Amino acid sequence: MQLPEHGANPLRLYERLGMEVPDRVRDFSENVNPMGIPEKVRKSWPELLSALPHYPDPEGEPFRSAAAAYHGVPGNRVLAGNGAAELFSVIADRYRGRTALLIHPTFSEYRTTLLSKGAKCTDLVTDPADPEFPEERVLEKMSDADVLYICNPNNPTGVRIPRETIRRLAEHGLRTGCELVIDEAFMDFAGEEHSFIPDLVEFPNAVVVRSMTKMYGIPGIRLGYMIGAEDRIAGHRNAIPHWNVNGIAARIGTFCFDEDEFRQRTVRYCGEQRQQLAVFLEEAGCTVTDSETNYISFRPEKSAGLFGAMLRQGIVLRHSENFHGMDGAWFRVGIKEREKMKILKEALAGWFGEDSYS
Ligand SMILES: Cc1ncc(COP(=O)(O)O)c(C=O)c1O
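Quick caveat, the model's predicted, so the values are computed rather than measured. (Residues numbered from 1 in each chain as written. Predicted model: local features only at pLDDT ≥ 70, side-chain atom pairs only at ≥ 80, totals over all residues. Heavy atoms only, no water.)

**Re the domain arrangement of the protein**
(1) Moving on: Domain annotation of the protein identifies domain 1 (10-30 + 261-352) and domain 2 (39-257).
(2) Moving on: A separation of 26 Å is found between the C-alpha centroids of domain 1 and domain 2.
(3) Moving on: Opposite the 22 residues of domain 1 that make contact, domain 2 presents 26 residues.
(4) Moving on: Taken together, both faces of the contact between domain 1 and domain 2 bury some 2000 Å²; the carbon and sulfur share is 61%.
(5) Moving on: It is Arg263, Glu292 and His324 in domain 1 that bury the most area against domain 2; as a group they hold 33% of the surface buried on that side.
(6) Moving on: There are one salt bridge connecting domain 1 and domain 2.
(7) Moving on: Residue Glu292 is joined to Arg160 by a salt bridge in which the shortest nitrogen-to-oxygen separation is 2.8 Å.
(8) Moving on: Between the two partners, domain 1 and domain 2, sit 10 residue pairs in polar contact (both at pLDDT 80 or more).
(9) Moving on: Ranked by residue count, the leading element in the side of domain 1 that touches domain 2 is helix H13 (residues 260-283), at five residues. (Domains from an automatic or database assignment. Contact = heavy atoms within 4.5 Å. Buried area = accessible area lost by both parts, 1.4 Å probe. Salt bridge = Lys/Arg side-chain N within 4 Å of Asp/Glu carboxyl O. Polar contact = N/O pair within 3.5 Å; in protein donor to acceptor, adjacent residues only side chain to side chain. Helix = DSSP H or I, 4+ residues; strand = E, 2+ residues; numbered from the N terminus.)

What follows is the structure in structure tokens.
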């Protein structure tokens, strides 16, 4: 049975497994912001209609300038994308016939896009239970690679790699001819101070990819951007389809950068819930990743049967069948609203054989 590659599509999952869909389905497999979308985005909807009769700006303005201002970089170092997903596809094209180093478990799209563009992948599989970044092993393997992909914080573990570590990798890459693609789709949850973006001026061999999907709860609009050296960005811009960012997305994204209070509230809430869930899972004997994001991964003492048992109760976890190094024994849970977290814990407590939980 081939399970869907990504989370966030519960109905397809039930269909693939030939299971009846329960009356209430609660999807913990997706990891976008449980707070929903910022209020300003909701309220501005009627006004956004004015963008419909016009072609959008070819550079994704006003979004591109807003992203540049948010990070304090010049606009010509920013490329707007139809989600980070589009940018990964364009980036992968650069590595056709070359070798990419991937550190697993990690986001499966790096491999998929690279292979589809004729790149080769070298896989370094690490233990998700070990919070230490395997720096020595990575440095060694970088010598034979043209590019290193890093997901920071990592999906599915939520573990963040220190900025200093990435600087050492980038320095090594300058010496050995290895570029870095740093995916910071979840950096908003960990804190902007950990971003590698300010370091990019010293490291023309690195680019950072960001997504608006996760923090602002807008997967449906498709919006992301990448930041890198000016000539690198110019090269990718030529390869991207014209009008790749639609006019509504470009406006919504611009509002999002102003949402400081929303970001702070989100980070606080996710931190609290993550902490409570981690304690609950650890008390039940699970191994839990040291996440800094809006999701957490855990490995129960006994994994077999848990996924199906939860599905039957309408609780959809993210399976780990296609995460190398997790291979089905781990599960990822997205932080959701309080009520849903309570329901999740009740269901898991039943499975773990406990009759009470805090
Ligand atoms: C680590 C990571 N990077 C990038 C993406 C894609 O983001 P976007 O919705 O901007 O295409 C995802 C989506 O799940 C992700 O998990």
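**Thoughts on the packing of aromatic side chains**
(1) Moving on: Counting across every chain of the model gives 15 aromatic pairs.
(2) Moving on: Aromatic rings pair up to connect Phe63, Tyr70, Tyr225 and Phe257 into one cluster.
(3) Moving on: Its end group placed over the ring of Tyr295, Arg332 keeps NZ or CZ at 5.6 Å from the ring centre. (Phe/Tyr/Trp six-rings, centres within 6.5 Å; stacked < 30°, edge-to-face > 60°. Lys NZ or Arg CZ within 6 Å of the ring centre and 35° of its normal.)

**Overview of the sheet that holds strand S10 (residues 295-299)**
(1) Moving on: If you trace the three strands from one edge of the open sheet to the other, you get S9-S10-S12, paired in antiparallel fashion. Only two strands of the sheet have a single partner each, and these edge strands are strand S9 (287-288) and strand S12 (331-334).
(2) Moving on: With four bridges connecting them, S10 and S12 associate as antiparallel partners. Looking at S12, one finds that Ile296 is bridged to Val333.
(3) Moving on: In the packing of H13 onto the sheet, the strands contacted are S9, S10 and S12, and the crossing angle to S10 comes to about 5 degrees. (Pairing = 2+ DSSP bridges. Axes fitted to C-alpha atoms, helices over the stretch in contact; angles between N-to-C directions.)

**As for unusual backbone geometry**
(1) Moving on: In this structure, the amide linkage connecting His104 to the following residue, Pro105, adopts the cis form with an omega of -5 degrees.
(2) Moving on: Structurally, Pro105 can be placed in the loop between strand S3 (99-104) and helix H6 (109-116).
(3) Moving on: The amide bond that connects Asn152 to the next residue, Pro153, takes the cis arrangement and shows omega of -5 degrees.
(4) Moving on: With respect to the helices and strands, Pro153 occurs in the loop between strand S5 (147-151) and helix H8 (163-176).

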